[in-house]
Amino acid sequence: MSLPVVALVGRPNVGKSTIFNRIINSRVAIVEDKAGVTRDRIYARAEWMGHEFILIDTGGITLDSGEIEEQIKAQAEIAIDEADVIVMLGDVTQHMTNMDETIAKMLYRTKKPVILAINKADNPEQRTDIYDFYSLGLGDPIPVSGSHGTGMGDLLDAIVGEFGDKANQHEDGSIRFSVIGRPNVGKSSLVNAILGEQRVIVSNIEGTTRDAIDTTFTNDGQKYTIVDTAGIRRRGKVYEKTEKYSVLRAISAIEESDITLLVLDASTGIREQDKHVAGYAHDAGRGVIIVVNKWDLPKKDSRSMKDFEDTIRREFQYLDYAPIIFVSAKTGQRVPDILKLVKEVHENQTRRIQSSVLNDLLLEATRITPTPLVNGKRLRIYYMTQVAVTPPTFVVFVNDPELLHFSYQRFLINQLRQNFDFVGTPIKILARKRK
């Protein structure tokens, strides 16, 4: 399912980051009463009334000609280009400005739904001051207060009301997997090797792939859809107006996928940006396979593969469930084994365990490692049941959810892995109070 994309835009210091944090219920964006604090696009998943979407916070658009100002404007323009719905924010305390009019004219040309929200309407008197903004021609302005949360429900209702069919696209029955990684690790070559044809352009120039490309094919009776994405760049380096592909499109590809292939470069080793890229896949709760490409290039001995695998496990501890495969897109070494892994991980993602079997496991697990005492109160787990797949999600009914510490939750996940495999897929455990 492709998640709708919503972009917050406006001039500096109208409170975009405050609204962003309010919608996602987290302090992700830096908030400071100073113009120009947010310079890059910031992405996060959000949800309202059962509708999930990707929210983008952007830097304030100005007419200043400095290098930083130009980069901020370019970032905002890319976000606008990628968005399905645009929220333009104004500031009721500063009234409407010439810059607001300029931004509104820019948004007219997008032919996309634009919702006008006027921030800092903290009291009834201020909410009556929004009427000047009608002259922007963007419809009824919605008064909101990012600081106090008033009006946010009306704004979110308006946003999800514009999604239409975007949030209800159905899968075609194929196993869908995306190919992600930093630039120049050989993603496009790997896609071509899997498909056995020159489906996408291959070049050793970073950033050759500018968009996501979907290809559906059948292998051994199983239907697959592969998505090749451009190399994910650090946000501070994605600001060129000509860079039509951005981090967001890779995130969208991950969201649409069942499984992600995280591609590493054997010739250059692991870099910090690899961890940044891996975090997107892990946070999305998708299956993950780590593919070490260009294995034909390094000089190797009998311990090379084991040493590289140990390094991966050390650097990507949160991906300890992900299988690792060493391949060469150039020579075809082990490339056919990738689809076998994809199919195996998908089977693990969609596996369901009977409640009776789970509770036998739970009984044995608590016998091996008794539940902990927290502030003199012992956690009691009454039973466990599986409530979802992709990823496998389990609910444990307890006396007090606050007593289920992360460490014991991790212990239960490890018990599930030891008994039911679940290679390649994250596992979620939720605690609910027994009624």
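For the structure given in this document, a descriptive report is provided here. Quick caveat, the model's predicted, so the values are computed rather than measured.

Conventions adopted
- Residues numbered from 1 in each chain as written.
- Predicted model: local features only at pLDDT ≥ 70, side-chain atom pairs only at ≥ 80, totals over all residues.
- Heavy atoms only, no water.
- Helix = DSSP H or I, 4+ residues; strand = E, 2+ residues; numbered from the N terminus.
- Salt bridge = Lys/Arg side-chain N within 4 Å of Asp/Glu carboxyl O.
- Buried < 20%, exposed > 50% of the residue type's maximum accessible area, 1.4 Å probe, protein only.
- Axes fitted to C-alpha atoms, helices over the stretch in contact; angles between N-to-C directions.
- Parallel < 35°, antiparallel > 145°, perpendicular 65-115°, else oblique.
- Left-handed = near helix turned anticlockwise from the far one by under 90°.
- Contact = heavy atoms within 4.5 Å.
- Nonpolar A, V, L, I, M, F, W, Y, C, P; charged D, E, K, R; others polar.
- Pairing = 2+ DSSP bridges.
- Right-handed = clockwise from strand over helix to strand, strands pointing away.

Description of the environment of Ile24
Its location among the elements puts Ile24 in helix α1 (residues 16–24). With 24 residues separating them along the chain, Ile24 and Trp48 place their C-alpha atoms 9.5 Å apart.

Here we look at the pattern of salt bridges
Per the counting criterion, the structure on display carries 9 salt bridges. Ionic pairing is found between Lys120 and Asp91, a salt bridge with its closest N-O pair at 3.0 Å. With Lys120 in the loop between β5 (114–119) and α4 (124–127) and Asp91 in strand β4 (residues 85–91), this pair connects stretches of sequence that are 29 residues apart. Classification of Lys120 by relative accessible area gives partly exposed; the value is 21%.

Topic: the packing of helix α11 (residues 355–368) against helix α12 (residues 406–420)
The geometry of α11 relative to α12 is characterised by a closest axis approach of 11 Å and an angle of 125° between their N-to-C directions. On the basis of the axis angle, α11 is oblique to α12. In this structure, α11 crosses over α12, and the sense of that crossing is right-handed. In this structure, α11 uses Val357, Leu358, Leu361, Leu362, Ala365 and Thr366 to contact α12, whose residues at the interface are Tyr408, Phe411, Leu412, Gln415, Leu416, Asn419 and Phe420. Classifying every residue of the contact of α11 with α12 gives 10 nonpolar, 3 polar and no charged.

Quick word on the pairing of strand β10 (residues 259–265)
Counted residue by residue, β10 has 7 buried out of 7 residues, so it is predominantly covered. Residues of β10 alternate between two faces, with Ile259, Leu261, Val263 and Asp265 on one and Thr260, Leu262 and Leu264 on the opposite face, all of them buried. Sheet topology places strand β7 (residues 175–180) next to β10; 4 bridges connect them, and they run parallel. By the bridge assignment for β10, Phe177 is matched with Ile259. Relative to strand β11 (residues 287–293), β10 runs parallel, the two being bridged by 7 bridges. The residue bridging Leu262 from the neighbouring strand is Ile290, located in β11. For the crossover from β10 across helix α8 (residues 272–283) to β11, the handedness is right-handed.

Let's talk about the packing of α1 against helix α5 (residues 152–160)
Orientation of α1 relative to α5, taken along the N-to-C sense of each, is 80°, at an axis distance of 12 Å. In terms of axis orientation, α1 runs roughly perpendicular to α5. Residue-level contacts link Ile19, Arg22 and Ile23 of α1 to Met152, Leu155 and Leu156 of α5. In terms of residue class, the contact of α1 with α5 is made up of 5 nonpolar, no polar and 1 charged.

Side note on the sheet that holds β4
Strand order in the open sheet formed by 6 strands is β2-β3-β1-β4-β5-β6, and the pairing between neighbours is mixed. Here the strands that pair on one side only, and so sit at the sheet edges, are β2 (42–48) and β6 (142–143). By the bridge criterion, 6 bridges tie β4 to β5 in an arrangement that is parallel. Of the residues in β5, the one forming a bridge with Ile86 is Val114. On the sheet, α1 packs against β1 (5–9), β2, β3 (51–57), β4 and β5 and is oriented at approximately 155° with respect to β3.

Points about the pairing of β3
For β3, a buried count of 5 out of 7 residues is recorded, marking the element as mostly surrounded by other parts of the structure. Sheet topology places β1 next to β3; 4 bridges connect them, and they run parallel. Across the sheet, the residue bridging to Ala7 is Ile56, located in β3. Alignment of β2 against β3, held across 7 bridges, turns out to be antiparallel. Within the sheet, the bridge partner assigned to Glu47 lies in β3 and is Glu52. Counting the residues between successive antiparallel strands, the hairpin from β2 to β3 contains 2 residues, one of them, Met49, with a positive phi of roughly 50°.

What about unusual backbone geometry?
Generally, phi is negative for residues other than glycine and the peptide bonds are trans, each holding for most cases. The omega torsion of the bond from Thr390 to Pro391 falls at 0°, within 30 degrees of zero and hence cis. Locating Pro391 in the fold gives a position in the loop between β15 (381–388) and β16 (393–398). Located in the positive-phi region is Arg334, a residue other than glycine, with phi close to 60°. By secondary structure assignment, the location of Arg334 is in the loop between β12 (324–326) and α10 (336–349).

Considering the side chain of Ser304
Here Ser304 shows up in helix α9 (residues 304–315). Among all residues touching Ser304, those that are not within four sequence positions of it are Trp295 and Lys299.

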